[in-house]
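Geometric and topological summary
Single-letter residue listing:
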Amino acid sequence: MANLLRSKLSNVATSVSNKSQAKVSGMFARMGFQAATDEEAVGFAHCDDLDFEHRQGLQMDILKSEGELCGDEGAEPPVEGDIHYQRGGGAPLPPSGSKDQALGAGGEFGGHDKPKITAWEAGWNVTNAIQGMFVLGLPYAILHGGYLGLFLIIFAAVVCCYTGKILIACLYEENEDGEVVRVRDSYVAIANACCAPRFPTLGGRVVNVAQIIELVMTCILYVVVSGNLMYNSFPGLPVSQKSWSIIATAVLLPCAFLKNLKAVSKFSLLCTLAHFVINILVIAYCLSRARDWAWEKVKFYIDVKKFPISIGIIVFSYTSQIFLPSLEGNMQQPSEFHCMMNWTHIAACVLKGLFALVAYLTWADETKEVITDNLPGSIRAVVNIFLVAKALLSYPLPFFAAVEVLEKSLFQEGSRAFFPACYGGDGRLKSWGLTLRCALVVFTLLMAIYVPHFALLMGLTGSLTGAGLCFLLPSLFHLRLLWRKLLWHQVFFDVAIFVIGGICSVSGFVHSLEGLIEAYRTNAED
């Protein structure tokens, strides 16, 4: 009898050991390791036990620190690295509290005192990003792409909607109880998790660089389009496009003093509504000339040299992936995110396709880089002035975002900072920090002066950073983080998007760069 009991207890212990080894091995396999032998599995299990004890100790430290903070309100708050344990390059674990509190909408990332937004408000934000001023360059894309350009407007909408969804999927993982929880809070956190454990910060740096390039190029495009619109609105004045760009930059120089966007955000709704009104006016004028539409000019063949530029223009007009993680984390019902992405991108696809086709049919081969330049003088001046106002009011948003990324990456990382902090102990901006901000404004002006080509710059940016942030990185991260859970068709879609996006990105970048060089040489000869 005793032998039988010992045998059963031994079998139970072996079963429990095998299950724990399988769980630990699966966990490390998801992190990029493989437990190949029993000795390695035992070692990993021991490490996991130490990890559990370490987290329990940290949890007690959190409770103690919270008790001390409640008792002494004047005490300094603990350093973030002392109370949060990060695992695999991901986001910090939730603080002590109820399970529902930790796993609620937004969780620790959204903050419980922050007002949440509805799906309609989130959709409005996405619409602002993908229905902005840069749709003015889409008819130029149809000029060089014909019907294939229209197909790309639809294709880019479908792909960007899909990559936005899989990017959000990378924010979540299953916990030990099989529940899906939000463990990351940003694009950078996803990138760092993909490169962990060997290069835990490499992915975040790559994303930050791409983000800074796209934001700065967006600022440059606003200055370029402001100078272009003013020059074409008042051709009789002895003021060149470069001079108009300098005037626009002088108006934008106070952006260097911005500490927050409260004042600017008040105008965002009015700017967006004004832009929709302008689009309606342009379409109304085009419809009034429907009898003269040149359907025969819409080609089935493409210009091999200039069509890749059109790809970059179309992709850049759909870029919104940078802020989607933050947007989803602040939604009242994150489960409505997919539905919101569907209807916003369907609406964008329909409106962009109609706008680009109708505008191209009206002017055909005379279509210019900025479509409002084709309007008759009486209408063009009024429309362009509204567009310039919108561009100038839109400039602070990407500028402030670029400044924040630069300051957090280079000036606010504690001992890892490359340069001293831009702010003093009293929270005031230091003089040299203000100088750097002014230098960034001047840099956007210099780029706008020396490269005053709206469509080519838009194509270059879309090919360089737009394709990377919207096509390449989301599909790569999805494969890396969720490989074991993906179905075969999901793997196929991700690989196809990565390959097609890579080809389009390289091709568009090369041809956009060639177009800029050719345009620069032409201007030099003139």
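Under an unreviewed UniProt entry, the name given to the chain is Vesicular inhibitory amino acid transporter, and the organism recorded is Odocoileus virginianus. We quote the UniProt Sequence similarities (unreviewed entry) comment for the chain here in full: "Belongs to the amino acid/polyamine transporter 2 family."

Scanning the chain from terminus to terminus reveals 20 helices and two strands. Counting over 526 residues, the chain shows a buried share of 46%. Sequence-distant contacts in the chain: of pairs separated by 6 or more residues, those separated by 24 or more amount to 76%. Split by element, the accessible area of the chain, about 27300 Å² in all, is 65% carbon and sulfur.

Another point: the confidence of the model for the chain. Here the chain averages 76 in pLDDT, and 72% of its residues register 70 or above. Across the chain, element-level confidence peaks in helix 15 (residues 337–363) with a mean pLDDT of 92 and bottoms out in helix 4 (residues 99–103) with 33. Scored below 50 in pLDDT, residues 23–112 makes 93 contacts in the model with residues more than four places away or belonging to other chains.

On to helix 13 (residues 307–316). Along helix 13, ten of the ten residues are buried, which leaves the element largely enclosed by surrounding structure. Of all the residues in helix 13, the buried ones are Phe-307, Pro-308, Ile-309, Ser-310, Ile-311, Gly-312, Ile-313, Ile-314, Val-315 and Phe-316.

Its location among the elements puts Leu-387 in helix 16 (residues 377–394). On the basis of relative accessible area, Leu-387 is assigned to the buried category, the value being 0%. Separated by 15 residues in the primary sequence, Leu-387 and Thr-372 place their C-alpha atoms 9.3 Å from one another. Not counting residues within four places of it along the chain, the set of residues in contact with Leu-387 comprises Met-133, Leu-136, Leu-229, His-275, Ile-278 and Thr-372.

What follows deals with the environment of Pro-334. Structurally, the position occupied by Pro-334 is in the loop between helix 14 (324–329) and helix 15. When its relative accessible area of 22% is taken as the criterion, Pro-334 is described as partly exposed. Placed 215 residues apart in sequence, Pro-334 and Ala-119 show a C-alpha to C-alpha distance of 8.3 Å.

Let us now look at the nonpolar core. In terms of nonpolar packing, the biggest core is built from 117 residues, with Tyr-318 and Tyr-395 touching the most fellow members. With residues near it in sequence (within four places) discarded, Tyr-318 still touches Ile-130, Ile-153, Ala-156, Ala-157, Cys-160, His-345, Ala-348, Cys-349 and Lys-352.

According to the stated counting rule, one finds zero disulfides in the structure shown. Free of any disulfide, Cys-470 has its nearest neighbouring cysteine sulfur in Cys-160, separated by 4.5 Å. You can call Cys-470 buried: its relative accessible area is 1%.

Under the counting rule described, the total for this entry stands at nine aromatic pairs. Considering the side-chain rings of Phe-234 and Trp-244, the 6.4 Å spacing of their centres and the 35° angle between planes classify their relative orientation as tilted. Of this pair, Phe-234 sits in the loop between helix 9 (202–233) and helix 10 (241–252) while Trp-244 is found in helix 10, placing the two residues ten residues apart along the sequence. Residue Trp-244 is classed as buried on the basis of its relative accessible area, which comes to 13%.

Between Ala-196 and the following residue, Pro-197, the backbone shows a cis peptide bond with an omega angle of 5°. Following the sequence through the fold, Pro-197 ends up in the loop between helix 8 (187–195) and helix 9. Even without a glycine there, the phi angle at Ala-364 is positive, about 50°. Inspection of the secondary structure assignment puts Ala-364 in the loop between helix 15 and helix 16.

A cluster of nonpolar residues, Leu-148, Phe-151, Phe-155, Ile-302, Val-304 and Ile-500, forms a patch on the protein surface that exposes about 500 Å² of accessible area. Here Ile-500 shows up in helix 20 (residues 488–525).

Moving on, we come to the pattern of salt bridges. What the rule picks out here adds up to three salt bridges. Across the salt bridge formed by Arg-182 and Glu-328, the nearest N and O atoms sit 3.0 Å from each other. A residue pair is termed long-range when its members are at least 10 positions apart, and Arg-182 in strand 2 (residues 180–182) and Glu-328 in helix 14 qualify at 146 residues.

This next bit is on the packing of helix 6 (residues 119–130) against helix 15. Contact geometry of helix 6 with helix 15 gives a least axis separation of 9 Å together with a crossing angle of 35°. Viewed along their axes, helix 6 and helix 15 form a crossing whose handedness is right-handed. Where helix 6 approaches helix 15, its residues Ala-119, Trp-120, Ala-122, Gly-123, Val-126, Thr-127 and Ile-130 are matched on the opposing element by Met-340, Trp-343, Thr-344, His-345, Ala-348 and Lys-352. Taken together, the residues of the contact of helix 6 with helix 15 sort by class into eight nonpolar, four polar and one charged.

Turning to the side chain of Lys-165, a few remarks are in order. You can see Lys-165 is positioned in helix 7 (residues 138–169). Although Lys-165 is buried, it forms no salt bridge, and the closest oppositely charged side chain is Asp-494 at an N-O distance of 12 Å. Within polar-contact distance, the side chain of Lys-165 engages the side chain of Asn-342 at 2.5 Å. The contacts of Lys-165, once residues within four sequence positions are left out, are Phe-337, His-338, Met-341 and Asn-342.

It is the contact of helix 7 with helix 13, at a shortest axis distance of 9 Å, that shows an interaxial angle of 55°. In terms of orientation, helix 7 lies oblique with respect to helix 13. The interaxial crossing formed by helix 7 with helix 13 has right-handed handedness. Between helix 7 and helix 13, the contacting residues are Leu-138, Tyr-140, Ala-141, His-144, Gly-145, Leu-148, Gly-149, Leu-152, Ile-153 and Ala-156 on the first element and Phe-307, Ser-310, Ile-311, Ile-313 and Ile-314 on the second. A per-class count over the contact of helix 7 with helix 13 returns eleven nonpolar, four polar and no charged.

What counts and what doesn't
- As a convention, each chain's residues are numbered from 1 in the sequence order in which they are written.
- Under the rules for a predicted model, residues below a pLDDT of 70 receive no local features and side-chain atom pairs below 80 are neither given nor counted, while totals for whole chains, interfaces and linings still include all residues.
- For side-chain calculations, the full set of non-hydrogen atoms in the structure is used, while hydrogens and water are omitted.
- UniProt positions are given in the numbering used here, feature names are shortened, and annotations may be inferred rather than shown by experiment.
- Strands are runs of DSSP state E lasting at least two residues, helices are runs of H or I lasting at least four, and both sets are numbered from the N terminus onward.
- When a residue's accessible area, from a 1.4 Å probe over protein chains only, is under 20% of the maximum for its type it is buried; when over 50% it is exposed; and in between it is partly exposed.
- A contact between two residues is defined here by any heavy atoms of the two lying within 4.5 Å.
- The Shrake-Rupley method, run with a 1.4 Å probe, gives the accessible areas here. Residue values count only the displayed protein chains as cover.
- The predictor attaches a confidence to each residue, called pLDDT, with possible values from 0 through 100.
- Definition used in this section: a nonpolar core is a set of buried Ala, Val, Leu, Ile, Met, Phe, Trp, Tyr and Cys residues joined via side-chain atoms within 4.5 Å.
- Pairs of cysteine sulfur atoms within 2.5 Å are what we label disulfides.
- Classification of ring pairs uses Phe, Tyr and Trp, with its six-membered ring standing for Trp, and accepts pairs whose centres are within 6.5 Å; under 30 degrees between planes counts as stacked, over 60 as edge-to-face, and the remaining range as tilted.
- A patch is a set of surface residues, each over 30% in relative accessible area and not in a salt bridge, joined within 9 Å for like charges and within 5 Å for the nonpolar side chains Val, Leu, Ile, Met, Phe, Trp and Tyr.
- We count a salt bridge whenever a side-chain nitrogen from Lys or Arg sits within 4 Å of a carboxyl oxygen from Asp or Glu.
- Between the N-to-C directions of two axes lies an angle of 0 to 180 degrees, each axis being a line fitted to C-alpha atoms and, for a helix, fitted only over the stretch in contact.
- Working rule for handedness: look at the near helix, and if it is turned counterclockwise from the far one by less than a right angle, call the crossing left-handed; if clockwise, right-handed.
- In this classification, the charged set is Asp, Glu, Lys and Arg, the nonpolar set is Ala, Val, Leu, Ile, Met, Phe, Trp, Tyr, Cys and Pro, and all remaining amino acids, among them Gly, are polar.
- Within this scheme the basic residues Lys and Arg register as positive and the acidic residues Asp and Glu register as negative, but His and the chain ends are omitted.
- Under this definition, polar contacts are N or O atom pairs within 3.5 Å; protein pairs additionally need one hydrogen-donor-capable and one acceptor-capable atom, and for neighbouring residues in sequence, both atoms have to be side-chain atoms.
- Relative orientations are named as follows: roughly parallel for angles under 35 degrees, roughly antiparallel for angles over 145 degrees, roughly perpendicular for angles from 65 to 115 degrees, and oblique for any other angle.

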